[in-house]
Structure formats: C-alpha cells, structure tokens
Amino acid sequence: MKRLIIATRNAHKTDEIRAMLGDLFDEVTDLNAFPEIPSPVEDGVSFAANARIKSESASEALGGAMVMSDDSGLEVDALGGAPGVFSARYAGEGASDADNRAKLLAALAKSGARGKARAGRFRCVLSIAKDGAEIAAFDGAVEGILANEEKGGGGFGYDPLFIPEGHCETFGQLPAEVKNGLSHRARALAQARVHLEQVSAVA
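Here the structure is a predicted model, which is why all the values come from computation and not from measurement.

A. Main features of the overall build of the chain. If you tally the helices and strands in the chain, you get five helices and six strands. What you see in the chain, going N to C, is helices and strands ordered as β-α-β-α-β-α-β-β-β-α-α. Relative to the globule expectation of 17 Å for 203 residues, the C-alpha radius of gyration of the chain, 17 Å, shows essentially globular dimensions. Taking the principal axes of the C-alpha coordinates as reference, the chain spans close to 55 × 30 × 25 Å. The proportion of buried residues among the 203 residues of the chain is 48%. Counting only contacts in the chain whose residues sit at least 6 apart along the sequence, the fraction spanning at least 24 positions is 60%. Taken as a whole, the chain presents about 9600 Å² of accessible surface, with 51% of it coming from carbon and sulfur. A distance of 5 Å separates the average location of the 22 positive side-chain charges in the chain from that of its 29 negative side-chain charges.

B. Molecular detail of helix α2 (residues 47-61). Compared with the 21 Å implied by 1.5 Å per residue over 15 residues, the 21 Å span of α2 between its first and last C-alpha is a close match. Buried residues of α2: F47, N50, A51, K54, S55, A58 and S59, and no others. All buried residues of α2 fall inside an arc of 150 degrees around its axis, so they share one side. Exposed residues pointing more than 90 degrees away from the buried face of α2 are listed as E60 and A61. In this structure, the buried residues of α2 make contact with β3 (66-76), β4 (119-130) and β5 (133-146). The first or second residue beyond α2 is G63, which carries a positive phi of 70 degrees.

C. Up close: the environment of L79. With respect to the helices, strands and loops of the structure, L79 is situated in the loop between β3 and α3 (97-111). When the C-alpha atoms of L79 and G120 are compared, they prove to be 9.3 Å apart, with 41 residues separating the residues in sequence.

D. Up close: the sheet that holds strand β1 (residues 3-6). Spatially, β2-β1-β3-β4-β5-β6 is the arrangement adopted by the six strands of the open sheet, whose pairing is mixed. The open sheet terminates on both sides in strands that have one partner only, identified here as β2 (27-30) and β6 (162-164). Averaged over neighbouring strand pairs, the angle between their axes works out to 35 degrees when direction is ignored. Pairing analysis gives 10 bridges linking β3 to β4, with the strands arranged antiparallel. Bridge pairing links V67 to A129 in β4. Running over the sheet, helix α1 (residues 11-21) touches β1, β2 and β3 and is turned about 165 degrees from β2.

E. Main features of the layout of surface pockets. When its volume is computed, the largest pocket comes out at roughly 890 Å³. Around the largest pocket sit 35 residues that line it, and T8, N10, K13, K54 and A88 are the ones nearest its centre. Those elements that place two or more of their residues in the lining of the largest pocket are α1, β3, α3 and α5 (184-202). Top contributing element to the lining of the largest pocket by residue count: β3, with four residues.

F. The arrangement of the pattern of salt bridges in detail. The full count for this structure, using the stated rule, is 17 salt bridges. The salt bridge involving R185 is made with E16; its shortest N-O contact spans 2.7 Å. Highlighted residues: R185 in helix α5 and E16 in helix α1, separated in sequence by 169 residues. An identical accessibility class is assigned to R185 and E16; each is buried.

Thresholds, definitions, all that
Residues numbered from 1 in each chain as written. Predicted model: local features only at pLDDT ≥ 70, side-chain atom pairs only at ≥ 80, totals over all residues. Heavy atoms only, no water. Helix = DSSP H or I, 4+ residues; strand = E, 2+ residues; numbered from the N terminus. Rg over C-alpha atoms; globule rule 2.2 N^0.38 Å. Buried < 20%, exposed > 50% of the residue type's maximum accessible area, 1.4 Å probe, protein only. Contact = heavy atoms within 4.5 Å. Areas by Shrake-Rupley, 256 points an atom, 1.4 Å probe, with all protein chains shown as cover. Lys, Arg positive; Asp, Glu negative; His and termini not counted. Charge placed at Lys NZ, Arg CZ, Asp CG, Glu CD. Expected span 1.5 Å × (residues − 1). Arc of directions from axis to C-beta. Pairing = 2+ DSSP bridges. Axes fitted to C-alpha atoms, helices over the stretch in contact; angles between N-to-C directions. 1 Å grid on protein atoms, 1.4 Å probe; cavity = no way out; pocket = protein on both sides within 12 Å on 5 of 7 lines; lining within 4 Å. Points joined across faces, edges and corners; volume = space filled by probe spheres on them. Salt bridge = Lys/Arg side-chain N within 4 Å of Asp/Glu carboxyl O.

What follows is the structure, encoded as structure tokens:
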C-alpha cells in the first residue's frame, strides 16, 4: 500500500493536501495517527527551514515512511513581511486562528495601509523526506490583497482576510475547488506531485 504521511496535526491542511493529490496514494494521513511522536521545535528563520525540520523529524521517527511537511504563512508588505514564519503563532503561542486574524487587522489599521498598499502573499514550502533526510522541496506563492474585515467562513487561518489576485472574494468565500486550484499550497503541490509520481513509478 502506498502511504504518505503529512507531518502536521492540522486536519484542515491534511484534507486540502489529500484532495489535491487525488488517488496518487492509497492512504494520506497525518501525525494525529501517531500521538506518540513529539512535535519538533520550529526554530528555522524561513519557511524552507521549518518545513525541513518537520519532515526530517517525522520521517526519522516513522522509519521508512514517505513524509511530506508543509510550512506556510502570510507575508504582508505593509508590515515588513509579517507575520511570515510566525503566521501560526502571530498572536502568541497557543493563539487561535481568530486571535491571529484580529492581531493582523489591528496591525494593518495601525499602519494606515489602504488599497494596493495592503498587498501580500501566501507562501508555502513543501518538504519531502524519508529515513530522516529531506529528498526534495518545492515552493509556491499566490499574490493578493488583505481585506478590511473577515469575509466568509470557509478555509482556515487567514483565509477570510485574503483576496487572491484576479478575484473579488476571499479564500474564505471562494469554493474549496477554486481555492485548491490557485492557492500557494496548490502551486507547490503541483510540483511535488510530479516528483511523487516519479518516485511511485520506480518504487
């Protein structure tokens, strides 16, 4: 059985990746199935570094399993690229998605940025590892504008605030199939899928 383990306990993220990969793997699961595996310290200064930390740590603990990790976040130009690698904990350790969005809206309001000055992007790096070593990495980004208020209840994280380029609705409003076709994760995963298909073909 071909199995891919996603080095996350974020079920929303796993669901997105599973949907994007389609039937490439017989099973796509995540670390919720392995509660004994501790979460590594994500002390990298870039998305690539943190993605590698997660994939290598999980793959080492899981032996010969193929592991994919995702490190992603939001970069806002008016905030000097923040929240960046701290996106998941922007409002502090243990902060909820709602807490992070509230802090971001407050920071944008304080900055006085309006219109195109509220430009930003979602960035994603996917790391694939086996036997404790990274074997490939892929990145993707999608440009957009930050809304003045939350719109839509779909997606997760900063989705209700992010309006992707070429659209008038946030990721929180757009249908999942639309978001999954143009998101930062989708763009990184399109590259990763090609690699995984090649690996599966010779496995």
